[in-house]
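Summary of structural features
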Amino acid sequence: MKPLHWTLAGGALLAAVLAAAAMIFSEPAQSRGPPTVDQGPPYPVPKGGYEAEGRPEFVTHYNLDSLTWEAFDAPGMPTGLQRKLLSQSTSMGAVSQITHVPAGWIQPAGYDEVDNEIFVLEGDLSIGDGADAEKLTKYSYSYMPAGVMRGPVKSRQGAVLMQWLKGEPKFVASNRDREGARTHARVRDWNNYKGPWYIDKPFPDYRIGGNFKGALHKLLREDPDTGEMTWMSFNSGIPAPPGGRLGNFGGGYEVHPSFEEYFFPEKSNDTVIGECLKQGLTPVTYGNNTYWWRPGGVGHGGPLSRGDGTAGYAISIVRTGTTLWATYVTDCTYKIGIELTADGWREYDYDLRQQPQG
Amino acid sequence: MSSRTRLGSCVLMCSALLLSTVAFAQDWKRPESRDRSSEFVGFVQPGVLYERPLVLPGLQTTDYKQLSFDDKTGARTLLVELPPGWKQPSGYHSSDLEMMVVEGIVNMGDKPMGRYSYAYYPAGYAHSLSTEKGATVLQWWAGAPDYVRSATSRAGTKTASAIDGVLYNDIPTTVPGALPKFRDEPFMENSPIHVKLLRHDADSGQMTWVMSVPGGPPAMSGEGHLPLWASSAGWMEGFLIAGDMTMGECLPQGQVVGRYDPNGYFFRPAGISHGGLSQSSDTFAVWVFRTGPGHWLTYHNSCAEPSAPASGGRAP
């Protein structure tokens, strides 16, 4: 065996040689200039707050099997709920979870101290009484801003929910709204089966060059104050070999200013996406019931992204902390941006993405 | 009858039977029980069809499954298994041939073309094909299949209309409203339906196109609230590339509902209504359609009702 110091010396020498080679062979810094059109979102890019630090790290669960049920108790909340915790913000206490509501569960009228969003995966849930009650069934959605009073919540046959709480959950029994509650932001009684999918409006334009042709949406919520969005998307594909056309990301990686949080209620096959994570470019596999939280600014796409060679479809439920916006880069260094122009994809200096030519 | 006579009769009968069987196997022109020129051929699942030998003089025999057949013209739609190493030297056919690769890779000329690549060879157009590892191709013949070996196209061939291999992803994706018009009702704005036009014959109006729709009933998947039934003044043919779709057909015996899974197939002669309350997809559907000359859709509220203009195609 070689002495340790020989190994260290050899390693240092190799590192020096590689560094020198990298200097010799690396492409000299080349300025491409700004984009032809401002590539930034039509709003100030957040530097902090929920959209930026809800979860600081990339989180993924391939499916729900590896997560265990635990009691979900919160101050003021009737007992009996169970949950599978998907992700949690250490700074804000916000959670994303699968919530099981047992048959016969009842919560009195009142409000949550934090924003509460629910998407019914299975079963039934009613909110309120009488003719005005929300009757939520599979793929129904309701958004209850903090402090907005609602009637009693009940489930007859039990329910499984995707649920997001934007802080430490706490329920207050009450027959009126909390002062200053954002009643104008309430979304109620939305259901997937009421209307068709669409590409553009009312879904916002989310990039320069037009929304993707193949990605269909249904907008559940775009917050009137913060721009936070919750939407569903539908994608399908057949395993045709690539042609000469670049894909939706121009062969590169997509970047959002906000986090992007996904859950697949339905996905018929697996997909791999290249993710620009701290440890480097990482292939991550997504399938049926995969959950993930991608922090803002993390590039995803690139040549590692692929299907599994079969035809398939996916229905997802997605959240962002701002109105959705996307820019594109050639790789995980975020130095070279690519913009979609009438003549195809064009490179520019990504740092100058909001300082267009002229 | 003496034993010698009985033996002779038996040999004669067995020989005749054997010979007729061989002739039968080689005669792929034999008429089919279901003639698409006169009746609906649908809910066909190739998985339950028998393979047959496709014998074309000058070419290596391949296996095929016959999806439909037209007794008047000899036209047919076949799902053909090309064995590894199969080659078609440059040559042409007496009738138009359209082709889509369903599995594997086919060299169209010297271009390797993978799944869902498409080609159109007008009658008389010289082309070569081969496959190294084998492939499954969907073939639409406009007449009886044949093969004439030739390095050049036949004189008078419409060579300009040939599509000698195009990759699926090189065909632009567009919205149904961008197709040559085939109904009065407008398509929904912002429609979730996507189409790729593979071929449009400007002379006859015949089209071949791919349509992708998300799951759900028509109102959810992009057709708005049209009347339930549609019929065409021309024939329609469909092969489900992926997904599923349940559909009703208004046939002489009444409404028949069935489900299409991948590779499911139909040929619908002109004037037969389809759709109905049952039409839906649990997942998604990607069809390759062919529509014949005169294709024009009209909508009506019931299976038996005569065609009438619809009130509009936009969802409320």
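A tally of regular secondary structure across chain A gives 2 helices and 26 strands. If you line up chain A on its principal axes, its C-alpha atoms span 75 × 60 × 45 Å. Within chain A, the fraction of its 358 residues that count as buried is 34%. The long-range share in chain A, meaning contacts at least 24 apart out of those at least 6 apart in sequence, stands at 74%.

This next bit is on the overall build of chain B. When its secondary structure is counted, chain B shows 2 helices and 22 strands. Here chain B holds 316 residues, and 41% of them are scored as buried. The long-range fraction of contacts in chain B, counting pairs at least 24 apart against all pairs at least 6 apart in sequence, stands at 73%.

Note: interface size is frequently given as the accessible area lost on complex formation between the parts. Facing the 25 residues of chain B at the interface are 24 residues of chain A. Elements with a minimum of two residues in the side of chain B that touches chain A: β15 (207-216), α2 (218-221), β17 (236-243) and β21 (274-291) of chain B. Grouping the amino acids of the side of chain B that touches chain A by side-chain chemistry returns 13 nonpolar, 10 polar and 2 charged.

What follows concerns unusual backbone geometry. Following Lys-201 of chain A, the chain continues into Pro-202 of chain A via a peptide bond in cis, with omega recorded as 10 degrees. Even without being glycine, Tyr-139 of chain A reaches a positive phi, approximately 60 degrees. Looking at the secondary structure, you find Tyr-139 of chain A in the loop between β9 (134-136) and β10 (140-144). One non-glycine residue, Tyr-116 of chain B, lies in the positive phi region at around 70 degrees. Its place among the elements puts Tyr-116 of chain B in the loop between β8 (111-113) and β9 (118-121).

Time to look at the confidence of the model for chain A. The predicted model of chain A has a mean per-residue pLDDT of 90, with 91% of residues at 70 or higher. Contacts from residues 1-26 of chain A, a stretch scored under 50 in pLDDT, to residues over four places away or in other chains number 1 contact.

To continue, consider the environment of Ile-273 of chain A. Residue and element names in this part refer to chain A. Secondary-structure assignment places Ile-273 in strand β19 (residues 271-277). Taking the C-beta count within 10 Å as the criterion, Ile-273 has 19 such neighbours and is therefore assigned partly exposed. As for Ile-273 and Thr-285, which are separated by 12 residues in sequence, their C-alpha atoms are 6.6 Å apart. Those residues in contact with Ile-273, other than ones at most four positions away along the chain, are Val-284, Tyr-286, His-300, Gly-301 and Ser-305.

What follows covers the nonpolar core. Counting 99 residues, the largest nonpolar core has Met-100, Val-137, Ile-241 and Val-286 of chain B as the members making the most contacts within it. With near-sequence residues (within four places) excluded, Val-286 of chain B lies in contact with Ser-236, Ile-238 and Ala-311 of chain A together with Val-210, Ser-212, Ile-241, Ala-242 and Gly-243 of chain B. Formed by 8 residues, the second largest nonpolar core is a distinct cluster that contains Phe-249, Cys-276, Ile-338 and Tyr-350 of chain A.

So, about the confidence of the model for chain B. Residues and elements named next belong to chain B. Looking at chain B, pLDDT values average 87 and 85% of them are 70 or higher. Taken together, the stretch residues 14-32 has pLDDT below 50 and engages in 10 contacts with residues farther than four places along the chain or on a different chain. In this model residues 306-316 is a low-confidence stretch, pLDDT under 50, and it forms 31 contacts with partners more than four residues away in sequence or in other chains. Interface confidence for the predicted complex, given as ipTM, is 0.81, next to a pTM of 0.84.

Our focus in this paragraph is the pairing of strand β6 (residues 97-104) of chain B. All names here are of chain B. Of all 8 residues in β6, 6 are buried, a share of seventy percent or more. Across 4 bridges, the pairing between β6 and β9 is antiparallel. Residue pairing for β9: Met-100 is matched across the bridge by Tyr-118. Here β6 runs beside strand β11 (residues 135-141); their pairing, made up of 7 bridges, is antiparallel. Bridge pairing in β11 links Val-101 to Val-137.

What follows deals with the environment of Ser-150 of chain B. Residue and element names in this part refer to chain B. One can find Ser-150 in the loop between β12 (148-149) and β13 (163-166). A sequence separation of 22 residues divides Ser-150 from Ser-128, and the C-alpha atoms of the two residues are 9.7 Å apart. Those residues in contact with Ser-150 that sit more than four places away from it in its chain are Ser-90, Gly-91, Tyr-92 and Ala-126.

The pairing of strands in a sheet happens through backbone hydrogen bonds and is either parallel or antiparallel. What the 7 strands build is an open sheet, ordered β2-β3-β4-β12-β7-β10-β14 (chain A); its pairing is antiparallel. The open sheet has two edge strands with one neighbour each: β2 (70-71) and β14 (187-191) of chain A.

All names here are of chain A. Read from one edge to the other, the open sheet built from 6 strands follows the order β1-β21-β18-β23-β16-β15, with strand pairing classed as antiparallel. Two strands bound the open sheet, and with one partner strand each, they are β1 (59-61) and β15 (216-222). If you compare each strand with its neighbour and ignore which way they point, the axes differ by 15 degrees on average.

Residues and elements named next belong to chain B. Burial analysis of strand β4 (residues 76-82) places 6 of its 7 residues in the buried class, which makes it a mostly covered element. Strand direction decides the pairing type here: strand β3 (residues 62-69) and β4, joined by 6 bridges, are antiparallel. Bridge assignment links Phe-69 to a residue of β4, and that residue is Arg-76. Hairpin connection between β3 and β4: a loop of 6 residues separates the two successive antiparallel strands, and Gly-74 in this loop has a positive phi of roughly 80 degrees. Examined bridge by bridge, β4 and β11 share 7 bridges and lie antiparallel to one another.

What follows covers the environment of Glu-347 of chain A. All names here are of chain A. Within the secondary structure, Glu-347 is located in strand β26 (residues 344-349). By the C-beta count within 10 Å, which is 17 here, Glu-347 ends up partly exposed. Separated by 263 residues in sequence, Glu-347 and Lys-84 place their C-alpha atoms 43 Å apart. Dropping the residues within four chain positions of it, Glu-347 is found in contact with Arg-32, Thr-330, Ile-336 and Ile-338.

About the criteria used
- Residues numbered from 1 in each chain as written.
- Chains lettered and ligands numbered in written order.
- Predicted model: local features only at pLDDT ≥ 70, side-chain atom pairs only at ≥ 80, totals over all residues.
- Helix = DSSP H or I, 4+ residues; strand = E, 2+ residues; numbered from the N terminus.
- Buried ≥ 20, exposed ≤ 12 C-beta atoms within 10 Å, placed from the backbone.
- Contact = placed C-beta atoms within 7 Å.
- Nonpolar A, V, L, I, M, F, W, Y, C, P; charged D, E, K, R; others polar.
- pLDDT = per-residue confidence, 0-100.
- Core = buried A, V, L, I, M, F, W, Y, C linked by C-beta atoms within 7 Å.
- Pairing = 2+ DSSP bridges.
- Axes fitted to C-alpha atoms, helices over the stretch in contact; angles between N-to-C directions.

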